Number of protein chains: 2
Amino acid sequence: MQLLDGKLIATQIKREIATEVTKNMIDKSIRAPHLAAVLVGDDPASHSYIAGKERACREVGFLSSVYRYPVTISESKLLEVVDFLNKDPEIDGYIIQLPLPKHLNSQKVIERINPQKDIDGFHPVNVGKMVLNLPAFLPATPLGIVTLLDRYNIETEGKHCVVLGRSNIVGTPLSILLSRKTKRGNSTVTLCHSFTQNIAKIAREADILVVAMGKPESVTADMVKKDAVVIDVGIHRLPSFESKTGFILKGDLKFDEVSKKCSYVTPVPGGVGPMTIASLLINTLKAAAKEVK
Amino acid sequence: MQLLDGKLIATQIKREIATEVTKNMIDKSIRAPHLAAVLVGDDPASHSYIAGKERACREVGFLSSVYRYPVTISESKLLEVVDFLNKDPEIDGYIIQLPLPKHLNSQKVIERINPQKDIDGFHPVNVGKMVLNLPAFLPATPLGIVTLLDRYNIETEGKHCVVLGRSNIVGTPLSILLSRKTKRGNSTVTLCHSFTQNIAKIAREADILVVAMGKPESVTADMVKKDAVVIDVGIHRLPSFESKTGFILKGDLKFDEVSKKCSYVTPVPGGVGPMTIASLLINTLKAAAKEVK
């Protein structure tokens with residue numbers, strides 16, 4: 001078994017981006033790509049994600065801004081912020097950190113984003129273009145997973161991929177990406193979810209198994225074909241007496257048993273997570289280059 | 001084995017729509033829904049499809065218009081036509097008959113359509129909204145298939161659906177529709193295509209098998225599970241000595257042998273085809289009611 005080291009690959013990607021920014025922009029007196037984030041309220045997890053994104057921007061030489069608003073912001077005010085960011089030529093791409101407080105209609109806010117600046121790839125027009133295999137911003141986690149497979153030269157063409165979980169931000173778009181007629185697509189994809197029967201049997205058919213169900217340690221070795229490639233999207237903070245911090249991070253896999261049976265597997269942490277942030281940087285670079293129209 | 005009689009169901013749907021148009025519109029002096037079509041060049045198949053659409057409009061009391069242009073029309077002129085149709089309040093929805101001549105960029109033309117009038121459901125924003133399970137125009141053939149299953153009370157929830165063929169207008173959107181969290185979704189879906197290995201083995205797993213490969217009589221009984229529901233999207237005009245016209249219509253199934261093994265099957269002709277036109281009428285009704293924003 002070999003680890004799919006997302007942390008390592010993300011570091012490589014960040015180094016490549018940093019070189020590109022220095023050579024093609026800073027050295028030529030062109031402004032570096034600028035990623036902005038809109039953060040509403042004070043959810044600690046959201047604050048921590050935003051801090052991670054700011055750190056990643058610094059590492060590659062991107063400009064970054066965070067627009068912070070109180071939990072009480074009105075929808076009309078937030079839509080004004082979106083309009084402002086859409087127009088500002090100094091900002092190449094931006095994200096609205098989700099979840100938003102309940103009085104705000106997230107979908108309405110997302111649909112107001114200029115699709116050319118939608119580096120999260122959440123706007124329906126970007127989702128549609130992904131389906132139609134047109135240039136688009138791809139959602140960060142699915143893009144990160146496909147990139148990780150690519151960097152490890154794991155063939156997807158003609159392989160059977162089984163995706164467990166059909167969320168709008170991971171399972172569904174990944175199932176689409178893997179089946180497109182592209183270099184790292186051309187897989188036969190089965191998308192499973194809470195209504196799927198015989199999920200273990202279907203999972204055992206997978207050459208590449210992607211687990212994004214959000215249930216800690218729920219995928220066991222008997223659900224995995226020998227020598228399969230296994231991608232774990234879950235990340236859960238579980239209480240633990242063995243750790244000084246009092247908690248431990250676990251994925252959706254029973255890692256100890258699955259890792260003995262498969263050919264490649266992502267660890268948690270250090271697998272898919274770092275690739276998600278790297279993908280956001282890739283998308284920001286694309287936005288700055290005006291590659292998605 | 002029971003036939004899924006698309007012709008019968010389409011006739012029922014048209015009768016329902018006609019009643020709705022009479023009661024809710026004509027009798028209240030409200031203009032009937034108006035479907036327009038843009039037809040470029042003189043491809044006989046395209047002319048015949050458009051004639052079918054006009055006939056269906058007459059049957060339900062819709063207004064219909066066809067904008068005909070010579071094969072030499074420039075892209076800028078065609079885009080002007082699209083802009084005109086987008087603005088005209090007398091037209092609720094319209095289609096651009098495909099394929100367009102090669103000097104015209106179909107994708108550019110499609111993306112110019114106002115998504116609120118895009119009754120073919122081909123605009124990326126409608127495709128994206130379908131993925132995200134938001135109100136959208138659904139592409140006519142996938143919508144027709146789901147409607148046909150619905151009218152025959154065929155349960156999809158928890159069933160394994162295998163879709164053979166990943167085209168942008170049938171296989172791919174249908175695979176998405178069947179897996180959404182909706183009344184006639186919630187299936188476990190496997191999408192197969194030209195790179196799929198062991199296609200017969202995968203097809204045999206299907207509770208519901210949808211064949212949209214475009215290869216005449218290529219799916220044989222050994223590829224079908226006993227008592228499966230089988231939907232045949234193919235339609236091919238094959239030469240035949242047995243027919244007075246000199247040709248015969250066949251689908252992607254070897255119908256004689258498959259029909260003996262399955263529980264339900266669509267005939268060709270008279271299965272999926274009439275449902276596609278009925279779906280276009282359903283979409284036009286939605287467009288007139290401004291249900292998709």
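Note that this is a predicted model, so its numbers are computed, not measured.

## A look at the sheet that holds strand β4 (residues 93–96) of chain A
All names here are of chain A. Spatially, the three strands line up as an open sheet ordered β3-β2-β4, and their pairing is parallel. Where the open sheet ends on each side, the last strands, each with one partner, are β3 (63–69) and β4. Sheet twist, expressed as the average angle between the axes of neighbouring strands with direction ignored, equals 15°. In this structure, strand β2 (residues 34–40) lies alongside β3, joined through seven bridges in parallel fashion. Opposite Ala-36, over in β3, you have Ser-65 as the bridge partner.

## Considering the sheet that holds strand β4 (residues 93–96) of chain B
Residues and elements named next belong to chain B. What the three strands build is an open sheet, ordered β3-β2-β4; its pairing is parallel. With one partner strand each, in any of the chains shown, β3 (63–69) and β4 form the two edges of the open sheet. In this sheet, adjacent strand axes meet at a mean angle of 15° when their direction is disregarded. Of the strands in this sheet, β2 (34–40) and β3 are in contact with helix α2 (residues 44–60), which crosses β2 at around 170°.

## Notes on helix α7 (residues 171–179) of chain A
Among the nine residues of α7(A), nine are classified as buried, and the element is accordingly described as predominantly covered. Those residues of α7(A) lying buried are A:Gly171, A:Thr172, A:Pro173, A:Leu174, A:Ser175, A:Ile176, A:Leu177, A:Leu178 and A:Ser179.

## Quick look at the packing of helix α6 (residues 140–151) of chain B against helix α10 (residues 272–288) of chain B
All names here are of chain B. Put simply, α6 and α10 touch, their axes get as near as 7 Å, and they point 105° apart. When the axes of α6 and α10 are compared, the pair comes out roughly perpendicular. In this structure, α6 contributes Ala-140, Thr-141, Leu-143, Gly-144, Ile-145, Thr-147 and Leu-148 to the contact, and α10 contributes Val-272, Met-275, Thr-276, Ala-278, Ser-279, Leu-280, Ile-282 and Asn-283. Across the contact of α6 with α10, the residue classes tally to nine nonpolar, six polar and no charged.

## Observations concerning the interface of chain A and chain B
Chain A puts 26 residues into the contact, and the matching count from chain B is 26 residues. For the side of chain A that touches chain B, the secondary structure elements donating two or more residues are α5 (124–131), α7 and β6 (188–192) of chain A. By residue number, the principal contributor to the side of chain A that touches chain B is α5(A), which donates seven residues. For the side of chain A that touches chain B, the residue count by class is eleven nonpolar, twelve polar and three charged. As paired strands, β6(A) and strand β6 (residues 188–192) of chain B are joined by three bridges and run antiparallel to one another. Bridge assignment links A:Val189 to a residue of β6(B), and that residue is B:Leu191.

## Considering the environment of B:Val224
Residues and elements named next belong to chain B. Looking at the secondary structure, you find Val-224 in the loop between β7 (208–211) and β8 (229–232). For Val-224 and Ile-208, which are 16 residues apart along the polypeptide, the C-alpha to C-alpha distance reads 9.4 Å. Val-224 has contacts with Ala-203, Arg-204, Leu-209, Val-230, Val-258, Lys-261 and Cys-262, leaving out every residue within four places of it along the chain.

## Let's talk about the pairing of β7(B)
Residues and elements named next belong to chain B. Burial along β7 is two-sided: the residues Ile-208 and Val-210 and Leu-209 and Val-211 are all buried. Note: strand β5 (residues 160–164) against β7, four bridges, orientation parallel. Paired with Cys-161 across the bridge in β7 is Ile-208. With four bridges joining them, β7 and β8 adopt parallel strand pairing. Bridge assignment links Ile-208 to a residue of β8, and that residue is Val-229.

## Here we look at the domain arrangement of chain A
Residues and elements named next belong to chain A. On domain assignment, one finds that chain A holds domain 1 (34–137) and domain 2 (140–273). Between the C-alpha centres of domain 1 and domain 2 the distance comes to 26 Å. With five residues of domain 1 in contact, the opposing surface of domain 2 contributes seven residues. Classifying every residue of the side of domain 1 that touches domain 2 gives three nonpolar, one polar and one charged.

## Observations regarding unusual backbone geometry
Note that the residue after A:Val268, namely A:Pro269, is joined by a cis bond; omega there is 0°. Looking at the secondary structure, you find A:Pro269 in the loop between β11 (264–265) and α10 (272–288). One non-glycine residue, B:Glu217, lies in positive phi territory at about 50°. Relative to the helices and strands, B:Glu217 resides in the loop between β7 and β8. Judged by the 19 C-beta atoms lying within 10 Å of it, B:Glu217 is partly exposed. The phi dihedral of B:Lys290 is positive, around 55°, even though this residue is not glycine. With respect to the helices and strands, the residue B:Lys290 is situated in the segment after α10. A residue is classified by how many C-beta atoms lie within 10 Å of it, and B:Lys290, with 9 of them, is exposed.

## What to know about the relation of the copies chain A and chain B
Take chain A, turn it by 180°, move it 0.0 Å along the axis, and it overlays chain B with an RMSD of 0.0 Å. With respect to symmetry, the two chain copies, as superposed, fit the operation of a two-fold axis. Both copies present the same face, since 100% of the interface residues in chain A are matched by interface residues at the equivalent positions in chain B.

Definitions and limits used
Residues numbered from 1 in each chain as written. Chains lettered and ligands numbered in written order. Predicted model: local features only at pLDDT ≥ 70, side-chain atom pairs only at ≥ 80, totals over all residues. Pairing = 2+ DSSP bridges. Helix = DSSP H or I, 4+ residues; strand = E, 2+ residues; numbered from the N terminus. Axes fitted to C-alpha atoms, helices over the stretch in contact; angles between N-to-C directions. Contact = placed C-beta atoms within 7 Å. Buried ≥ 20, exposed ≤ 12 C-beta atoms within 10 Å, placed from the backbone. Parallel < 35°, antiparallel > 145°, perpendicular 65-115°, else oblique. Nonpolar A, V, L, I, M, F, W, Y, C, P; charged D, E, K, R; others polar. Domains from an automatic or database assignment. Least-squares fit on C-alpha atoms with pLDDT ≥ 70 in both.

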